[in-house]
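Given next are the chains, with one letter for each unit.
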Amino acid sequence: MSRNKKVKKEAPNHKFAAVVILHTFCYDEYRNSAVLTTAKNFVEERMKTTMKAKKLLAVMLAGALALSAAGCGGGGGTSSTSGTSSTGGTSSTSETSSAAGESSAETSGTTAKSDATLEIWVYGWEKASADKIAEDVTAYEEETGVKVTVTPIANDSYSTKIQATIAGGTNPDLAFVDAGVQSMQLAAKGKLLGLTEYGVDEYKDDFYESVWDTMVYKDEVYGLRITSNNLALFYNKDLFDAAGLDYPDDTWEWDDLRNAAKTLTDTEAGVYGLDLPVYDKNGGYTWNWLPFLWQNGGEFLNEDRTEAVFNSAEGVEALEFWKAMVQDDKSVPLQAAPTGVNRFTSGITAMVIDGPWNLRTFLEDPEFKDSFGVAPLPSKDGERATVVGGEGVVIFSDTEYPQEAYDYLTHLCCSDFTQVFWDNWLTVPPQSAFADYYADDETYGDYIQVFSDQMDYSRTRPFTPSWPQIENALGINLQGYMFDKSDDAQASLDAAAEEVNEILADEAKEYGE
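Reading guide: rules and limits
Residues numbered from 1 in each chain as written. Predicted model: local features only at pLDDT ≥ 70, side-chain atom pairs only at ≥ 80, totals over all residues. Heavy atoms only, no water. 1 Å grid on protein atoms, 1.4 Å probe; cavity = no way out; pocket = protein on both sides within 12 Å on 5 of 7 lines; lining within 4 Å. Points joined across faces, edges and corners; volume = space filled by probe spheres on them. Helix = DSSP H or I, 4+ residues; strand = E, 2+ residues; numbered from the N terminus. Salt bridge = Lys/Arg side-chain N within 4 Å of Asp/Glu carboxyl O. Buried < 20%, exposed > 50% of the residue type's maximum accessible area, 1.4 Å probe, protein only. Core = buried A, V, L, I, M, F, W, Y, C linked by side-chain atoms within 4.5 Å. Contact = heavy atoms within 4.5 Å.

### Some remarks on the layout of surface pockets
Volume-wise, the largest pocket comes out at about 1000 Å³. If you trace the largest pocket, you find 33 residues lining it, with Asp-178, Asn-229, Trp-357, Gly-390 and Glu-391 closest to the centre. Only helix H6 (155-166), helix H7 (181-188), helix H11 (283-295), helix H13 (359-363) and helix H17 (467-482) provide two or more residues apiece to the lining of the largest pocket. Among the elements that line the lining of the largest pocket, the one with the most residues is H6, at four residues.

Structure below.
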């Protein structure tokens, strides 16, 4: 499997200026205090609060000490003091040791080892990736001195534990979260550490815009993304072959989806053309419907996220399109699948809109692994959109070691270790430089690439601290229309919008505009 190594962005050339200052002031009478003080003042004035400034300052001071001890290069330019390199806590004056120290600073944010202790909650059900994090902490401690305790949390209790932290329960220093959903709730309650002052914006351009936005609340960044995903169209090759239909591809529009679903439906055999979560009273309805709303030119909330606008003409048309497939064509099942039954792998539904988290299950099924494909979501008049999801990592505001926690966060999400993590958690890399990360993987490459290519036009849900209530309100209000108890799409969307606006008004009272 090929791997694209991230190219470091060039930093402003303050190092050259620092060297000039060191040599300018490097007279015998200033060897000790003047060099250190002037260099320190220069950097503090030029780059006061950024992480790069702290790293550069450490390198400069080490260099200043070296010049002082060696008489500013007079007769001993290549000598070094005895001891370890800066990764071991002792500054070195040789070029080789200085480079090693700078490399360590890039990873840990410090040149001296720390005695900090951190705890991170991770998803226990993603065992392979959790194990890799646990294995990595030993090397991380050797390099930085920071001791990290990795606590895997079971699937059925993770959300409960996160909610408990909002209510004032015990929390770790860092945690994996459902990006946008949990991160927004925690940030609104003041539970998370804002990262702007630590220099997090240096990573912004590395991430897809849709991904970055999931970790922003009121213009402050509260975490970094470590995974991402989106929705695409899965299709059953065997059912398409039996019907004599071409497989879906990137030329498909809404009409192609509807016509294929109608053709593939066989009510007598109990086969449906498409599975849509019209029966879901929770977030699944909104999650799947949003791409259709966006493709049709609609929006869910206004730009300030203070008012529902999905009850527009574009929203009405997108909802009517779903209902046509559900009620007119009878191409969509109205009930959820029985417990333990996967309608797609069982051949009950020919197509389903879903995410990459199912790939491992499908491909490990010997009876099904060669029977499905993945295509981009159909577009509307050439307008493409999909909805992005995935996980982020956050730092809690009460951590005793905010700097060390931030350094570890960037190690997890923005270093070579991140690729080790991706190798053990099948995901869509959230950083655009790795769009082809799985391209050469013989098992997953072709499938993941579809999702990865869609990241260019992916969009984030318009999260607010009340997002779970908002998406549930839509799903509940629209079920009556979808189940044919109402034939007025506009009235159904208006009722849902009214409820969402009440939620947003209550939110504004609690958290402010």
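### So, the pattern of salt bridges
Counted by the stated rule, this structure contains nine salt bridges. In this structure, the salt-bridge partner of Asp-329 is Lys-262, at a minimum N-O distance of 3.8 Å. Of the two residues, Asp-329 is situated in the loop between helix H12 (313-328) and strand E9 (351-354) and Lys-262 in helix H10 (residues 254-264); the sequence distance between them amounts to 67 residues. You can call Asp-329 buried: its relative accessible area is 13%. Given a relative accessible area of 40%, Lys-262 falls into the partly exposed group. Residue Arg-343 pairs with Asp-275 through a salt bridge whose shortest N-O separation is 3.1 Å. Taken together, the positions of Arg-343 in the loop between H12 and E9 and Asp-275 in the loop between H10 and H11 put the pair 68 residues apart, joining distant regions of the chain.

### Quick word on the nonpolar core
It is characteristic of soluble globular proteins that their nonpolar side chains tend to be buried jointly. Counting 135 residues, the largest nonpolar core has Phe-176, Trp-289, Phe-310 and Met-351 as the members making the most contacts within it. With residues up to four places along the chain from it excluded, the contact list for Trp-289 reads Phe-310, Gly-315, Ala-318, Leu-319, Trp-322, Leu-474 and Leu-493.

These values are about where atoms sit, not about what they do.
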